[in-house]
Amino acid sequence: MAERDDFLYEAFGRLVALHRKRIQGLTQAKLGDAVGLSRTSITNIEKGRQHVSLHQLFGLARALKISPHSLLPAPANVNEASWLAEKMPPGTDPEVLSWAASLVVKDGK
C-alpha cells in the first residue's frame, strides 16, 4: 500500500474511533455486531490496517448515526483546519480546532 493510502486509511480509522468512543459510546464489539464485522475487524479498521468497502462505509455510518461523509478524511490538498472549522460551532476555540485537526492530520500530511 502506498504511503498516501496508509494516511487515508489511518485517518478514516481515527474518525471511526472518534465517533464510536466519544460520540456514540459504543464498544468495538457492539459496533462490529451492528455492521456484521468482528471486533478484530473494527480494531484493524480503526488502526488503518483494514480496507473498507463502500457498503461497509455506509454500514459504519448508519451504525454510528452519522453521514458517510463524516467518516471520510479531508482531501490532502485542502486545508484541514478550514474543513474542520466548517464542522465546528461558530466561535470554537482555536485550541479545540487544533486538537480536532490533530485527530485527522498525521505529520502534516
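Before reading on, note that the structure itself is shown above.
In this report, the structure presented in the accompanying data block is examined. These numbers come from a predicted model, not from an experiment. (Residues numbered from 1 in each chain as written. Predicted model: local features only at pLDDT ≥ 70, side-chain atom pairs only at ≥ 80, totals over all residues. Heavy atoms only, no water.)

The next thing to look at is the overall build of the chain. For the chain, the helix and strand inventory stands at six helices and zero strands. Looking at the chain as a whole, 38% of its 109 residues are labelled buried. Once local pairs closer than 6 in sequence are excluded, the contacts in the chain between residues at least 24 apart make up 58%. Of the roughly 6500 Å² of accessible surface on the chain, a fraction of 55% belongs to carbon and sulfur atoms. (Helix = DSSP H or I, 4+ residues; strand = E, 2+ residues; numbered from the N terminus. Buried < 20%, exposed > 50% of the residue type's maximum accessible area, 1.4 Å probe, protein only. Contact = heavy atoms within 4.5 Å. Areas by Shrake-Rupley, 256 points an atom, 1.4 Å probe, with all protein chains shown as cover.)

What follows deals with helix α4 (residues 54–64). Working note: α-helix, 3.6 residues per turn, so residues spaced by three or four point in the same direction. Listed in full, the buried residues belonging to α4 are Q56, L57, G59, L60, A61, A63 and L64. Once α4 finishes, K65 follows within two positions and takes phi at roughly 60 degrees, a positive value.

What follows covers the packing of helix α2 (residues 28–35) against α4. Between α2 and α4, whose axes approach to 9 Å, the crossing angle comes to 120 degrees. Taken together, the axis directions place α2 and α4 in an arrangement best described as oblique. Regarding α2 and α4, the two cross each other, and that crossing is right-handed. Two secondary-structure elements touch here, α2 through L31, A34 and V35 and α4 through G59, L60, A63 and L64. Here the residues of the contact of α2 with α4 sort into six nonpolar, one polar and no charged. (Axes fitted to C-alpha atoms, helices over the stretch in contact; angles between N-to-C directions. Parallel < 35°, antiparallel > 145°, perpendicular 65-115°, else oblique. Left-handed = near helix turned anticlockwise from the far one by under 90°. Nonpolar A, V, L, I, M, F, W, Y, C, P; charged D, E, K, R; others polar.)

Our next topic: the pattern of salt bridges. According to the stated counting rule, one finds one salt bridge in the structure shown. We note a salt bridge from E46 to R20, for which the minimum N-O separation is 2.5 Å. A residue pair is termed long-range when its members are at least 10 positions apart, and E46 in helix α3 (residues 39–46) and R20 in helix α1 (residues 3–24) qualify at 26 residues. (Salt bridge = Lys/Arg side-chain N within 4 Å of Asp/Glu carboxyl O.)

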